[in-house]
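As a plain string of letters, each chain reads:
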Amino acid sequence: MVEITTRASASTSIPTDAAAARLAIILDDLGNDRAVAQAIFAMPYPLTISVLPNHPHSVEIAQEAHRRGFQVMLHLPMESMRNERPETQELRPGMSAVDVNRLVGDLLQAVPDVTGVNNHQGSQSTADAALMDELMPVLREHNLFYVDSRTTAATVAYDTAQRFGVRSGFRNVPF
């Protein structure tokens, strides 16, 4: 399971002893290939999967992962710097609070049993303070945590999540 902390507390699912090693493994981009999902499900490790919404096998992969005890995240499509291979629906700078709320709600419906969110691509979006200010209250309302994939050094997503009281973490392995 992913350990997410806020400034005030730490998850109790994993020992909080500073000397204890901690590692969260999130495998993302699931939703297209059932064979890949089955290979992941066969691994004897506590893993978290992040599922892209509205792909051919998104729903069934998320449901099976949840049934098998895997933590499921929404791999939330966001606009990249160069808009490389955009998803049909994605968060983009300039979206209103109403549009962000509606889109995130729709995408959460497309991936069942979600406990958290991380960004798919998103370097343009996660660097946009106004958009992150619109996103984080939606995640807080749904009681979801956020993991910033840090696809850009200019990201403000983690800091914004912390400011809005959203349980959050970030990727610390360079892209």
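As a reminder, the structure under discussion sits directly above these lines.
Before going into details, it helps to say that this report is about the structure given with it. (Residues numbered from 1 in each chain as written. Predicted model: local features only at pLDDT ≥ 70, side-chain atom pairs only at ≥ 80, totals over all residues. Heavy atoms only, no water.)

1. Things to note about helix α5 (residues 129–141)
- The first and last C-alpha atoms of α5 sit 19 Å apart over 13 residues, in line with the 18 Å expected at 1.5 Å per residue.
- Every buried residue of α5 is listed here: L131, M132, L135, M136, V138 and L139. Summarising the axial view, the buried residues of α5 lie within an arc of 165 degrees, below the 170-degree limit, and thus occupy one face.
- Buried residues belonging to α5 abut β3 (71–78), α3 (97–110), β4 (114–121), α4 (123–126), β5 (145–148) and α6 (157–163).
- Phi for N143, located one or two positions after α5, is positive at around 55 degrees. (Helix = DSSP H or I, 4+ residues; strand = E, 2+ residues; numbered from the N terminus. Expected span 1.5 Å × (residues − 1). Buried < 20%, exposed > 50% of the residue type's maximum accessible area, 1.4 Å probe, protein only. Arc of directions from axis to C-beta. Contact = heavy atoms within 4.5 Å.)

2. Looking at the sheet that holds β3
- Taken in spatial order, the six strands make up an open sheet running β1-β2-β3-β4-β5-β6, and their pairing is parallel. The strands lining the two open edges of the sheet, one partner per strand, are β1 (26–30) and β6 (168–170). With direction set aside, neighbouring strand axes in the sheet form an average angle of 25 degrees.
- Looking at chain direction, β3 and β4 are connected through seven bridges and run parallel. If you follow L76 over to β4, its bridge partner there is N119.
- The sheet strands contacting helix α2 (residues 58–67) are β1, β2 (48–51) and β3, and the helix crosses β2 at an angle near 160 degrees. (Pairing = 2+ DSSP bridges. Axes fitted to C-alpha atoms, helices over the stretch in contact; angles between N-to-C directions.)

3. Quick notes on the pairing of β3
- Counting buried positions along β3 yields eight of eight residues, so the element is predominantly enclosed.
- Burial along β3 is two-sided: the face carrying Q71, M73, H75 and P77 and the face carrying V72, L74, L76 and M78 are both buried.
- Where β2 lies against β3, four bridges are found, and the strand directions are parallel. Each residue of the ladder has a partner; that of V51, found in β3, is L74.

4. Remarks on the environment of S123
- Its place among the elements puts S123 in helix α4.
- A C-alpha to C-alpha distance of 4.7 Å links S123 and S80, two positions 43 residues apart in sequence.

5. Description of the nonpolar core
- Ranked by size, the top nonpolar core spans 36 residues in total, and within it I49, L91, L135, M136 and L139 carry the most contacts.
- Where this core is concerned, the elements lending two or more residues are α1 (34–41), β2, α2, β3, α3, β4, α5 and α6.
- No other element matches the six residues that α5 contributes to this core.
- In this structure, M136 is in contact with Y146, A157, T160, A161, F164 and V166, ignoring residues within four places of it in sequence. (Core = buried A, V, L, I, M, F, W, Y, C linked by side-chain atoms within 4.5 Å.)

6. Let's talk about the side chain of N119
- As for its placement among the helices and strands, N119 is situated in strand β4.
- Side-chain polar atoms of N119 contact the side chain of Y146, separated by 2.9 Å.
- Here S149 takes part through its backbone nitrogen, which lies 2.9 Å from a polar atom of the side chain of N119.
- If we ignore the near neighbours within four places in the chain, the residues touching N119 are H75, L76, M78, T126, Y146, V147, D148, S149 and T151. (Polar contact = N/O pair within 3.5 Å; in protein donor to acceptor, adjacent residues only side chain to side chain.)

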